[in-house]
Protein chains: 2
Amino acid sequence: MRSFSFFERASRAFRDNPTASKLLVVVAISGGGGGLLAYSDSKPPEGLNAIAASEYKNKKRVVVLGTGWAGTSFLKNLKNPSYDVQVISPRNYFAFTPLLPSVTCGTVEARSIVEPIRRIVKKKNVGIHFTEAECISIDPVNKKVYCQFSQDTNSDGKKEFSVDYDYLVIGVGARANTFNIPGVVENAHFLKEVEDAQRIRRSVIDCFERANLPTLSDEERRRILHFVIVGGGPTGVEFAAELHDYVNEDLMNLYPDVKKLVKITLLEATDHILNMFDKRITAFAEEKFKREGIDVKTGSAVVKVSDKEISTKAIKSGETSSMPYGMVVWSTGIGTRPLIMDFMQKISQTNRRVLATDEWLRVEGCDNIYALGDCATINQRKVMEDIAAIFKKADKDESGTLTVKEMQDAIDDVVERYPQVELYLKNNQMESIVDLLMHAKGDKTMESIELNIEEFKSALSKVDSQMKNLPATAQVAAQQGSYLADCFNRMEEAERNPEGPIRFRGEGRHRFRPFRYKHFGQFAPLGGEQTAAQLPGDWVSIGHSSQWLWYSVYASKQVSWRTRALVVSDWMRRFVYGRDSSGI
Amino acid sequence: MRSFSFFERASRAFRDNPTASKLLVVVAISGGGGGLLAYSDSKPPEGLNAIAASEYKNKKRVVVLGTGWAGTSFLKNLKNPSYDVQVISPRNYFAFTPLLPSVTCGTVEARSIVEPIRRIVKKKNVGIHFTEAECISIDPVNKKVYCQFSQDTNSDGKKEFSVDYDYLVIGVGARANTFNIPGVVENAHFLKEVEDAQRIRRSVIDCFERANLPTLSDEERRRILHFVIVGGGPTGVEFAAELHDYVNEDLMNLYPDVKKLVKITLLEATDHILNMFDKRITAFAEEKFKREGIDVKTGSAVVKVSDKEISTKAIKSGETSSMPYGMVVWSTGIGTRPLIMDFMQKISQTNRRVLATDEWLRVEGCDNIYALGDCATINQRKVMEDIAAIFKKADKDESGTLTVKEMQDAIDDVVERYPQVELYLKNNQMESIVDLLMHAKGDKTMESIELNIEEFKSALSKVDSQMKNLPATAQVAAQQGSYLADCFNRMEEAERNPEGPIRFRGEGRHRFRPFRYKHFGQFAPLGGEQTAAQLPGDWVSIGHSSQWLWYSVYASKQVSWRTRALVVSDWMRRFVYGRDSSGI
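Since the structure is predicted, the reported quantities are computational estimates derived from the model, not experimental observations.

About the criteria used
Residues numbered from 1 in each chain as written. Chains lettered and ligands numbered in written order. Predicted model: local features only at pLDDT ≥ 70, side-chain atom pairs only at ≥ 80, totals over all residues. Heavy atoms only, no water. Phe/Tyr/Trp six-rings, centres within 6.5 Å; stacked < 30°, edge-to-face > 60°. Helix = DSSP H or I, 4+ residues; strand = E, 2+ residues; numbered from the N terminus. Buried < 20%, exposed > 50% of the residue type's maximum accessible area, 1.4 Å probe, protein only. Lys NZ or Arg CZ within 6 Å of the ring centre and 35° of its normal. Pairing = 2+ DSSP bridges. Salt bridge = Lys/Arg side-chain N within 4 Å of Asp/Glu carboxyl O. Contact = heavy atoms within 4.5 Å. Lys, Arg positive; Asp, Glu negative; His and termini not counted. Polar contact = N/O pair within 3.5 Å; in protein donor to acceptor, adjacent residues only side chain to side chain. Disulfide = S-S within 2.5 Å. Axes fitted to C-alpha atoms, helices over the stretch in contact; angles between N-to-C directions.

**Student:** Lay out the packing of aromatic side chains with the relevant residues and their values.
**Tutor:** Each aromatic ring pair is described using two quantities: the centre-to-centre distance and the angle formed by the ring planes. Counted according to the given criterion, the structure contains 38 aromatic pairs over all chains. With a centroid separation of 6.0 Å and an interplanar angle of 85°, the aromatic rings of phenylalanine 523 of chain A and tyrosine 554 of chain A are classed as edge-to-face. Here phenylalanine 523 of chain A is found in strand S24 (residues 522-527), whereas its partner tyrosine 554 of chain A is found in helix H20 (residues 544-556), with 31 residues between them in sequence. Of the two residues, phenylalanine 523 of chain A and tyrosine 554 of chain A, neither departs from the other in class, the shared state being buried. Three or more aromatic residues link up through ring pairs in this structure, and these residues are Trp69, Phe94, Phe96, Phe523, Trp548, Trp550, Tyr551, Tyr554 and Trp571 of chain A. One Lys or Arg, arginine 564 of chain B, reaches over the ring of tryptophan 561 of chain B and ends 4.4 Å from the middle of that ring.

So, in structure tokens, the structure goes:
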């Protein structure tokens, strides 16, 4: 009886040997695609933490705030063992947020899209420690962060503590933006955290149960079953579509008495939903929603949310009206967290809406503090600000004019430092900067071109118009995290052999190449097993085939094989049994 | 693009055709065994509820309180369409409670053990309506129940409503029993509802995260990681075992800094844990727990629970002591719900601890009210109370003595009405009542026996000592529910042709046979893939093989194919990936 059972032995074998487990899962999900996570050893050397604490006391202390896309991607890609990393986040898990709308209706379970951060970092050779707490203040002068344990500690009030850092990586994300509209915080649901999605799920079922109470009038039932979504961006649209499917495929059968009373309304302040997408997608989505009875009200801004009514104002006519509702979901973009606003005050970034970093993700005005993901924006340097310095560096013979040869020698550094140049050329169908200069000069023969500083300025004068902020998406945050980890991995090496572009306003080269975002496309699931996909090169696909693309991309992007298997099995469960409607 | 995709079509095919889906699942879980649920048509006739409301206005109104084991089993087995059934419960789902201890540590997901009650009843031809509300008062005089919607209705305060009944079926279950020990309600976790299990799960992770905070002393960490379980019954023991496995198999790796500080203590007031089981099981469990470092403290009763300390008193010595803790789980048996206590007052059952029913599950003193499951006990009729009436009925020739022939004619009815007689014979190795009478008379020849009333009394005098209350288990509740549904199914028929035993104190026969509990055995999972099983006939099995028996029984007893597939896949997930430790 003391010997191991088959089960126990087999289970241990599976869990001690990641390759075997990987194989099993590949079979189970029929090749769900490669993941973000590069497998390292399953078990870190025994007692690494103890060693890390004593032996490596001279390690640089890196503090990472947040375990969202940016922070997790940074941690996963950090390989340099010369850092002592302290992760601080109120959530001890990473959540695959693009699937949050699916969680609201039980298409995917909340637990399937989360992975404990300790599990993600424990496979690494770098000493990474996690503390479940919320950072409440950053002190850039003394290089300290002040944190607070988020639960009731029951520990004699010792809730606060501080942590010293040598490098600080801020990836705390954003909060939902209410635009200070009264009643939103009190009455609306947001859709930013896993808990939000769980609350929405319970709330939908609660509405159906409430509407079934015997004492209500039909009018009251109609109010309770009126679901309002504010914000016609990808999240709002996906939630509206999910909710419509949930109601029609699963709840209608179970609540036959009230099925005629359900209504879904989508409010959008601009003229169209999904307005960051191609027009074909917008038109398709609006048409589909109309056909399905989802009431899309564009051009109407919310002005107030009371406990039973939501008031809107038509943007054009200025007319206000209000409608009774049972549940409101608020999804209108992101706002800055109080921690970041406080921090911006301290570093005199008060005139900005969001925290600004340079192209290397360093917070402007702070050495050794990096910010990435939704909590920050890259403040892209303008060409025109540096135009004299660029001219000076490029003019190697100091003749006061630039030849094509000189220009060609400098162009790589210029394009790398100012990516808007490349974008401008591409958008104007020019092959190289020579085209641009020729265009400016009106000259036909390439070799004869020579520009003085004024001509050079005028040639590049429109280039900065191409500058765009990056969208607040998981894709951007993940790429920034992995970029920054790569910089940290090669910090000493790059100090010796800088690999970035020439410093136009200084000496030598930048240590690293600046961050460059690579856009892989975007999805907008529209319900009924249809998805719109907009891929680079204006390639647009709408329909069932894109849904399959969506399934495979989202499965492959999961943070671990575990969550991948869970998400895929959730999809299969839904396929066979439908969505659950228990009120838990 | 408007045609159905393969997925959509296949999904519909699956869900419209239960046989296909059944087959699929059978393959998926390799024959997980037949379920409780007999499949009827997947779709009820369209608009049945409307018809039910208008056409069958003369139907008897049955109100069922509760959707636990008793209520759900009743609903599932009710097949007679001549009732209009109204189900009222604060929970819109049925929960497979024996798996609650598994939910506390994430071995099984909460959602996998629940099935919406609407889904369970929608396959039936009987008109069953569900309302999510809590019954707050029963009025047996006016045949009404008063209910309250459990959530914040947001509906102008119309929270209460009443429902009329012709038959009332009470299956509201019990609450945790705190024995009025101070601080228990405020500081301890219970383990009766799905939400309790979810809270415990979060709380365990919270304790580990709290213990990892940088500001704490080791003493404080040790306190936070001290898990105390009060009550050494099957639930408490199973939770202790689950927690031990969770900590050792999953959390130790993720929280290496605090792994030496974890302690689990199991408190039991009597001398042994699992004292309703065979001694071999008790001994094995105590030995196993000791070996694993679970501190089992028997003979110690809790007297007070403060926010950080639990105080106990040794039963024998009377010594009191207290120990710091991080989390307490309270599992010491069941108490009566306020609704039932109030109801008992109204029907003058004030001198009793629990609601009493007769052997047909009718509440004593109330026609048309039935109570089953944990909220009631069957008040088994004593033979000695009816001994004169029995003698009179059996003495057909009114000779004043009973012959063996007369006795044999009456015995079937006696045994059916008073099951303790059979139990007494069995326990005393007697084959039939004749043995008992011969034994009483000291006679050797069967035919010559004749007993007068005094001799008859003395022969049966010890029989009532065999009477036992049924345990408060899911098994009992489920059997009672199905028994009662069967009575309701054949109500008119049994009115015409009564099938029960003779009424000794009245005329004719009882309509139905009294409820008889059939014990199929009991499990006590002990962790480490070992389970103790005690099956009828004192058959005891402990170890890994019983664990497999446990897996198959619990899989087969699931309420639907859906939950069966979910539970089995949860077990497989755990097997491959371990348990999750995210704090959600």
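**Student:** Explain the pairing of strand S7 (residues 144-148) of chain B to me, using residue names and the numbers behind them.
**Tutor:** Residues in a regular strand project their side chains so that they alternate between the two faces of the sheet. Residues and elements named next belong to chain B. A one-sided burial pattern is seen for S7, the buried positions being Val145 and Cys147 and the unburied ones Lys144, Tyr146 and Gln148. The sheet contact formed by strand S6 (residues 134-139) and S7 spans five bridges and is antiparallel. Its bridge partner lying in S7, serine 137 is registered against tyrosine 146. What sits between the antiparallel neighbours S6 and S7 is a turn of four residues, in which lysine 143 has the positive phi angle 50°. One ladder, built from five bridges, connects S7 with strand S8 (residues 160-164); its direction is antiparallel. In the sheet register, tyrosine 146 faces S8, and the bridge partner there is serine 162.

**Student:** Give me the pattern of salt bridges: which residues, what numbers.
**Tutor:** If the charged atoms of two oppositely charged side chains come close together, the side chains can form a pair. Residue and element names in this part refer to chain A. Summed over all chains, the structure comprises 79 salt bridges over all chains. Between glutamate 287 and arginine 291 there is a salt bridge; the shortest N-O distance is 3.8 Å. Of this pair, glutamate 287 and arginine 291 both sit in helix H11 (residues 279-292), four residues apart, which is roughly one turn of that helix. The salt bridge partner of arginine 505 is aspartate 386, with a shortest N-O separation of 3.5 Å. Residue arginine 505 is located in the loop between helix H19 (491-496) and S24, and its partner aspartate 386 is located in the loop between strand S21 (376-378) and helix H13 (387-394); the two are separated by 119 residues in the primary sequence.

**Student:** Could you give me a rundown of the environment of tryptophan 539 of chain A, with the residues and numbers involved?
**Tutor:** Mapped onto the elements of the fold, tryptophan 539 of chain A is located in strand S26 (residues 539-543). With residues up to four places along the chain from it excluded, the contact list for tryptophan 539 of chain A reads Ala533 and Gln534 of chain A.

**Student:** Talk me through the side chain of arginine 564 of chain B; I want residue IDs and the actual numbers.
**Tutor:** Residues and elements named next belong to chain B. Position of arginine 564 among the secondary structure elements: in helix H21 (residues 561-577). Buried charged residue arginine 564 carries no salt bridge. Nearest counter-charge: glutamate 115, at 10 Å. Side-chain polar atoms of arginine 564 contact the backbone oxygen of serine 556, separated by 3.3 Å.

**Student:** Account for the state of the cysteines, with residues named and values stated.
**Tutor:** All names here are of chain A. Tallying each qualifying case throughout the model produces zero disulfides over all chains. With no disulfide of its own, cysteine 135 lies 4.8 Å from the sulfur of cysteine 147, the closest cysteine sulfur. Under the relative-accessibility criterion, cysteine 135 is labelled buried at 8%. In this structure cysteine 147 comes out as buried when scored by relative accessible area, which is 0%.

**Student:** So what about the environment of glycine 231 of chain B? Which residues, and what values?
**Tutor:** Checked against the element boundaries, glycine 231 of chain B lands in the loop between strand S11 (226-230) and helix H10 (234-254). Leaving out residues up to four positions away in the same chain, glycine 231 of chain B has contacts with Gly236, Val237, Leu266, Leu267, Glu268, Ser331 and Thr332 of chain B.

**Student:** Describe the sheet that holds S7 of chain B, listing the residues and the values that go with them.
**Tutor:** Residue and element names in this part refer to chain B. Taken in spatial order, the three strands line up as S6-S7-S8 in an open sheet, and their pairing is antiparallel. The outermost strands of the open sheet, each flanked by one partner alone, are S6 and S8. Pairwise comparison of adjacent strand axes, ignoring direction, gives a mean angle of 25° for this sheet.

**Student:** Which residues make up the sheet that holds strand S17 (residues 327-330) of chain A, and what values go with them?
**Tutor:** Residues and elements named next belong to chain A. Spatial strand order, S13-S12-S11-S17: four strands in an open sheet with parallel pairing. Because the sheet does not close on itself, it has two edges, and the strands there are strand S13 (295-298) and S17. Sheet twist, expressed as the mean angle between neighbouring strand axes with direction ignored, is 15°. Two elements, strand S11 (residues 226-230) and strand S12 (residues 263-268), share five bridges in a ladder whose sense is parallel. By the bridge assignment for S12, valine 228 is matched with threonine 265. Sheet contacts for helix H8 (residues 194-211): S11 and S17; angle to S17, the most-contacted strand, approximately 160°.

**Student:** I'd love a proper account of the environment of glutamate 292 of chain B, names of residues and values included.
**Tutor:** Residues and elements named next belong to chain B. Structurally, glutamate 292 can be placed in helix H11 (residues 279-292). Residue glutamate 292 is classed as partly exposed on the basis of its relative accessible area of 26%. It is 9.6 Å that separates the C-alpha atoms of glutamate 292 and alanine 241, two residues lying 51 residues apart in sequence. For glutamate 292, the side chain forms a polar contact with the side chain of lysine 288, separated by 2.7 Å.

**Student:** Run through the pairing of strand S26 (residues 539-543) of chain B, naming residues and quoting values.
**Tutor:** All names here are of chain B. Here S26 lies mainly inside the structure; four of its five residues are buried. Here strand S25 (residues 530-535) runs beside S26; their pairing, made up of five bridges, is antiparallel. Note on S26: the bridge partner recorded for threonine 531 is glycine 543. Between the end of S25 and the start of S26, which pair antiparallel, lie three residues, with glycine 537 showing a positive phi angle near 80°.

**Student:** Which residues make up unusual backbone geometry, and what values go with them?
**Tutor:** Residues and elements named next belong to chain B. A positive phi angle, close to 55°, is found at phenylalanine 179, a residue other than glycine. For phenylalanine 179, the location among the structural elements is in the loop between strand S10 (175-176) and helix H7 (184-187). Phi angles above zero are rare outside glycine, and serine 348 is one such case at about 60°. Mapped onto the elements of the fold, serine 348 is located in the loop between helix H12 (338-346) and strand S19 (355-357). On the accessibility criterion, serine 348 (59% relative accessible area) is exposed.

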